[in-house]
Amino acid sequence: MRRPVRTVGSAQLSALNRKEKKSLFQRLNVCNCSMNLNKLKHLFLLCLLCGVVFHIYFYYLMVTPFAPRFEYPVVRDQLKQMSSALEHPMLDGSGGYLVVNNLFGANRLGLHVQLTDDVSLVSHCSIRHFPKVITLLRHWQTGPISLAVYVYAEDDVVGFFHQLIQFSVCYAEMQERVRISVVKMARGQRQWGVTLKQLHDIVPHLRRTNCREFHAKMESSAAILANYDSAEPYPNNLLRNVAVQNSDSQFHLVIMHHLEKAGLLNRTRAGARVYTAYVVPALEIADGYAPSDDKGVLHERWLQGIVRPFYGVVCPKCQGCVDYDRWFDLNMTLTQSVTYRDPCEPFVVVHRRTPKYDERFKQYGFNRVSHVCELHVAGYEFVALGDGFLIHRGWKTKNQFHASKEREMNDNRILFRAFKEELKDKYPESDRSC
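Calculation rules
Residues numbered from 1 in each chain as written. Predicted model: local features only at pLDDT ≥ 70, side-chain atom pairs only at ≥ 80, totals over all residues. Heavy atoms only, no water. Helix = DSSP H or I, 4+ residues; strand = E, 2+ residues; numbered from the N terminus. Buried < 20%, exposed > 50% of the residue type's maximum accessible area, 1.4 Å probe, protein only. Contact = heavy atoms within 4.5 Å. Areas by Shrake-Rupley, 256 points an atom, 1.4 Å probe, with all protein chains shown as cover. Salt bridge = Lys/Arg side-chain N within 4 Å of Asp/Glu carboxyl O. Disulfide = S-S within 2.5 Å.

Student: Give me the overall build of the protein chain: which residues, what numbers.
Tutor: If you tally the helices and strands in the protein chain, you get 14 helices and 14 strands. Relative to its full complement of 434 residues, the protein chain shows a buried share of 47%. Partitioning the contacts of the protein chain with sequence separation of at least 6, the portion at a separation of at least 24 is 83%. Approximately 23100 Å² of the protein chain is accessible, and the part contributed by carbon and sulfur atoms is 55%.

Take a look at the structure:
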């Protein structure tokens, strides 16, 4: 039975003799020590619990450093939108390709948006080179990206869509700045043949996504094969047009997916003109050297022979219209007039009302040459930007190309001759030619 608590008043305390007071105070001290020990024990357990929670959270950050909280409703809506878009693709102008515009990424719902004065990066690739999008995101941090991805008949389409959703889980900026459209050969079909169930089967795998591992896989999985190493012709100009159409900027820069961008390109944001093609000089840097976004450092490496014009050995005329020595001396805020010389094919920032790429050009050769040629005949001025440039890691050499390159060049050369004759009828008032 519990003993009643004995209380002692001040009068009673004074009445106690010395021995009784000492005994009372000893009992009170023992009680206080017991209470302090309990408090210390509870504090220790609380600290231990906090330590366990911190270690679990720290381990989660280390294992999945790029992963946000997985939200099934968001992914489910994305899959539904993708499935709906795949059920109603469009045919291209030739009727030979199925095109799904803006399948994934910014403005997925297809709502009208106000075109911005920013410069959109426009590029294209096949599924096997899709991981290169990571490089584009890392080196193009100031504006939107529009990408057209080509799907070969032998490609794993569902696997690609799985990869696409994983991208959205691990890279939030992909949702905000990147638009992805897809293209494949129609082969007499009007649908992609991918069901909503196949897309939903992706979800259980997404819950186990390890973004650190996914990032490493993407960095290392870009295929060695070129886009042209397939029996199916690669429609690069069609892909360029699709990507331009789905960009949301007044101006765009169309590049190859393996080029890296440096510089701010501020000149095109202030006072850019519709009928001016702003040339972005392209360079390639020797293996073992990291590209720099400092024009001064780049100039030093140019003088050392570490940096040279892109395609400088493979095709000296391709970037030959840019006077690189003059460009390196050019102030970052100025521009330099560029004289067009056939068959020059510089990378240019142009307005979205620029003539489209001729989609008859496929595989290798004259696909960009023909477009720059038309800009020249149409009356465009070419001006090199002092504050922007593109860099390719590694030097291009003649032995890097696929086996059918020369045959494709010859076929497209014949097409290019016919194309130049057609430009005379298309621009009868022009006194320019290629």
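Student: So what about the pattern of salt bridges? Which residues, and what values?
Tutor: By the definition in use, this model includes 11 salt bridges. Notably, a salt bridge pairs E232 with R187, separated by 2.9 Å at the nearest N-O pair. Placement of the pair is E232 in the loop between α9 (211–220) and α10 (236–245) and R187 in the loop between β5 (178–185) and α7 (196–200), with a sequence separation of 45 residues. For R407, the salt bridge identified is with D411, shortest N-O distance 4.0 Å. A residue pair is termed a helical-turn pair when its members lie 3 or 4 positions apart in one helix, as R407 and D411 do in helix α14 (residues 405–426) at four residues. A single network of salt bridges, built from pairs that share partners, joins D358, R360 and E422.

Student: Could you give me a rundown of the environment of E219, with the residues and numbers involved?
Tutor: If you trace the backbone, E219 turns up in helix α9. For the pair formed by E219 and P131, sequence separation is 88 residues and the distance between their alpha carbons is 6.8 Å. Sequence-distant contacts of E219, that is, excluding residues within four places in its chain, are made with I134 and R138.

Student: Residues and numbers for the state of the cysteines, please.
Tutor: Evaluated as defined, the whole model comprises three disulfides. Each disulfide pairs two cysteine sulfurs, and for C321 the partner residue is C344, the sulfurs being separated by 2.0 Å. Handedness of the C321-C344 disulfide follows from its S-S torsion of about -45°: it is left-handed. In this pair, C321 sits in the loop between β10 (307–309) and α12 (324–328) while C344 sits in the loop between β11 (335–338) and β12 (347–351), placing the two residues 23 residues apart along the sequence. Using a relative accessible area of 7% as the deciding quantity, one classes C321 as buried.

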